[in-house]
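# Survey of secondary and tertiary structure
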Amino acid sequence: MAPAITLAADKLSVANTGFMLICSALVLVMTPGLAFFYGGMVRVKSTLNMLMMSFISMGIVTILWVLYGFSMAFGTDHGSLIGWENDFFGWTGIDKADIWSGYTIPVFAFAVFQMMFAIITPALISGALADRVKFSAWSLFVVLWATVVYFPVAHWVWGTGGWAFELGVIDFAGGTAVHINAGAAALGVILVIGKRVGFKRDPMRPHSLPLVMLGAGLLWFGWFGFNAGSWLGNDDGVGSLMFVNTQIATAAAMLAWLVYEKIRHGAFTTLGAASGAVAGLVAITPSGGAVTPIGAICVGAIAGVLCAMAVGLKYKFGYDDSLDVVGVHMVGGVIGSLLIGFFASGAGQSTATGVFYGDHSWTQLWKQCAGVFAVLAYSLIASAILAFLLDKTIGMRVDEDEEISGIDQAEHAETAYDFSGAGGGSAKPSVAAAAESKKVDA
């Protein structure tokens, strides 16, 4: 998946197979982590809806991936744009003993690992749409977006024969296919559906920063499977390099975001720490197999500062990116992908080098630019078209009254917190209890 090279393999490795199954579970836990991260960032009245917009992806995309998504992404190439393999349709032609070509793990292990990537990518988009989208419309959007955008883009970037893969665009674990793809999609959709009621007028602060920090912690934890697992084995140390760089870049980005925040706003905030960590995770995702640990510090620090700056652009340009999906995921993905063209050392996943390591013709940087801007443009335009069609047919937004009163109650008939049992100031229950106690003693 990650490299533009093929590893020789001839039999199943028990160690690599077990490692990949563990990594698959780690990537899956990122989606509930994302749900908590987003869920804490919204107002109380939207908490459950935000959680559900992530959780529903685990149901929908799993079924799509088995039926045709895996075939479209990793089947035999057709025109460098899409894949298809009849044996992959419904996984009817895959035997438990089949080995993924060129590696030492079963096809099933590879397929389920990639399934978890397909699940979390549309869930990332949901953070930009908080407070205002019908759950039914969102669910249908996930079906259409995964089919029209994610599956083809995954083939471009990671599928043998895909144009970006063959060009030599480096994307170790999803800078283009996941983060730029989701961030650009978020921008396309919000330009169609518009702003929340009260945007830039009413306070829309996170209702639970502890939930945000919990979600960020789960994302950081799961991201080791997301990144290190993308080498599909542990035979040559590249996966270990990616694991190390993931930690380093995340730490650097968190610190850089906090320093910028202190200078710019005068405080070190918990939301800034969480957002900075995620920005670092995003930026190192495409680049971590190509850069050195020092390079990872540079990638993380640059992403931390630039993403912190980018999240404020929504107020300047007037697009309502509710939870900073564009500012963190799209911008972070672009930064991490393009910095490969500068910091690739040639001693990691491949011999490709960046400008700072001798590529004075800027060859790898131009390749990275091609991948980044093609995915960004395609996802933004295609996503906007899908949102427009849904909005004009079934409608994407809830009614204004429902948005103001709370989307949780309107769409799910529930609320995140039940305060009815919290009690009041009455002493009567205590007096009654004391009287009853005296009767029993008598």
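Please read these numbers as outputs of a predicted model, since none were measured by experiment.

Inspection of the secondary structure assignment puts Thr47 in helix α2 (residues 47-74). Accessibility expressed as a relative area gives 3% for Thr47, which makes it buried. At 3.0 Å, the side chain of Thr47 and the backbone oxygen of Val44 are in polar contact. Setting aside residues no more than four positions away along its own chain, Thr47 makes contact with Gly39, Val42, His207, Asp408, Ala416 and Tyr417.

For the rest of this paragraph, the subject is the pattern of salt bridges. Across all of its chains, the model carries seven salt bridges by this definition. In this structure, Asp320 and Arg132 form a salt bridge, with 4.0 Å as the shortest nitrogen-oxygen distance. One end of the pair, Asp320, is in the loop between α11 (313-317) and α12 (325-343); the other, Arg132, is in the loop between α3 (107-125) and α4 (135-158), and 188 residues separate them in sequence. The buried category is assigned to Arg132, whose relative accessible area is 0%. Ionic pairing is found between Arg196 and Asp320, a salt bridge with its closest N-O pair at 2.8 Å. One end of the pair, Arg196, is in the loop between α6 (175-193) and α7 (209-228); the other, Asp320, is in the loop between α11 and α12, and 124 residues separate them in sequence. You can call Asp320 buried: its relative accessible area is 1%.

Counting across every chain of the model gives 31 aromatic pairs. Measuring from centroid to centroid gives 6.3 Å for Trp65 and Phe74, while their planes differ by 75°, and the two rings are edge-to-face. Each of the two residues, Trp65 as well as Phe74, counts as buried. A ring pair is formed by Phe224 and Phe243, whose centres lie 4.3 Å apart and whose planes are at 20°; its orientation type is stacked. Here the residue Phe224 occupies a position in helix α7, and Phe243 occupies one in helix α8 (residues 238-265), the gap between them amounting to 19 residues.

To continue, consider the packing of α7 against helix α9 (residues 270-287). Put simply, α7 and α9 touch, their axes get as near as 9 Å, and they point 15° apart. For the element pair α7 / α9, the angle class is roughly parallel. Seen from above, α7 lies across α9 with left-handed handedness. Of α9, the residues touching α7 (which contributes Leu209, Val212, Met213, Ala216, Leu219, Trp220, Trp223, Phe226 and Asn227) are Thr270, Leu271, Ala274, Ala277, Val278, Leu281, Val282, Ile284 and Thr285. Across the contact of α7 with α9, the residue classes tally to 15 nonpolar, three polar and no charged.

What follows concerns the state of the cysteines. Summed over the entire model, instances satisfying the criterion amount to zero disulfides. The structure places no disulfide on Cys307, whose sulfur is separated from the nearest cysteine sulfur, that of Cys298, by 16 Å. Exposure remark for Cys307: the relative accessible area of 0% places this residue in the buried category.

Attention now goes to helix α13 (residues 363-393). At 3.6 residues per turn, the α-helix brings residues three or four places apart onto the same side. The end-to-end C-alpha separation of α13 is 45 Å, in line with the 45 Å expected for 31 residues at 1.5 Å each. Backbone geometry just after α13 places Gly395 at a positive phi near 85°.

Right, let's get into empty space enclosed by the protein. On inspection of all chains with the given rule, the structure shows three cavities of 30 Å³ or more. In this structure, the largest cavity occupies an estimated 70 Å³ of space. Lining the largest cavity we find Phe37, Tyr38, Met41, Ser275, Val278, Leu323, Asp324, Val328 and His329. Among the elements of the structure, α1 (14-41), α9 and α12 are those that each provide at least two residues to the lining of the largest cavity. The element best represented in the lining of the largest cavity is α1, accounting for three residues. Among the residues making up the lining of the largest cavity, the classes are represented as six nonpolar, two polar and one charged.

Thresholds applied
Residues numbered from 1 in each chain as written. Predicted model: local features only at pLDDT ≥ 70, side-chain atom pairs only at ≥ 80, totals over all residues. Heavy atoms only, no water. Helix = DSSP H or I, 4+ residues; strand = E, 2+ residues; numbered from the N terminus. Buried < 20%, exposed > 50% of the residue type's maximum accessible area, 1.4 Å probe, protein only. Polar contact = N/O pair within 3.5 Å; in protein donor to acceptor, adjacent residues only side chain to side chain. Contact = heavy atoms within 4.5 Å. Salt bridge = Lys/Arg side-chain N within 4 Å of Asp/Glu carboxyl O. Phe/Tyr/Trp six-rings, centres within 6.5 Å; stacked < 30°, edge-to-face > 60°. Axes fitted to C-alpha atoms, helices over the stretch in contact; angles between N-to-C directions. Parallel < 35°, antiparallel > 145°, perpendicular 65-115°, else oblique. Left-handed = near helix turned anticlockwise from the far one by under 90°. Nonpolar A, V, L, I, M, F, W, Y, C, P; charged D, E, K, R; others polar. Disulfide = S-S within 2.5 Å. Expected span 1.5 Å × (residues − 1). 1 Å grid on protein atoms, 1.4 Å probe; cavity = no way out; pocket = protein on both sides within 12 Å on 5 of 7 lines; lining within 4 Å. Points joined across faces, edges and corners; volume = space filled by probe spheres on them.

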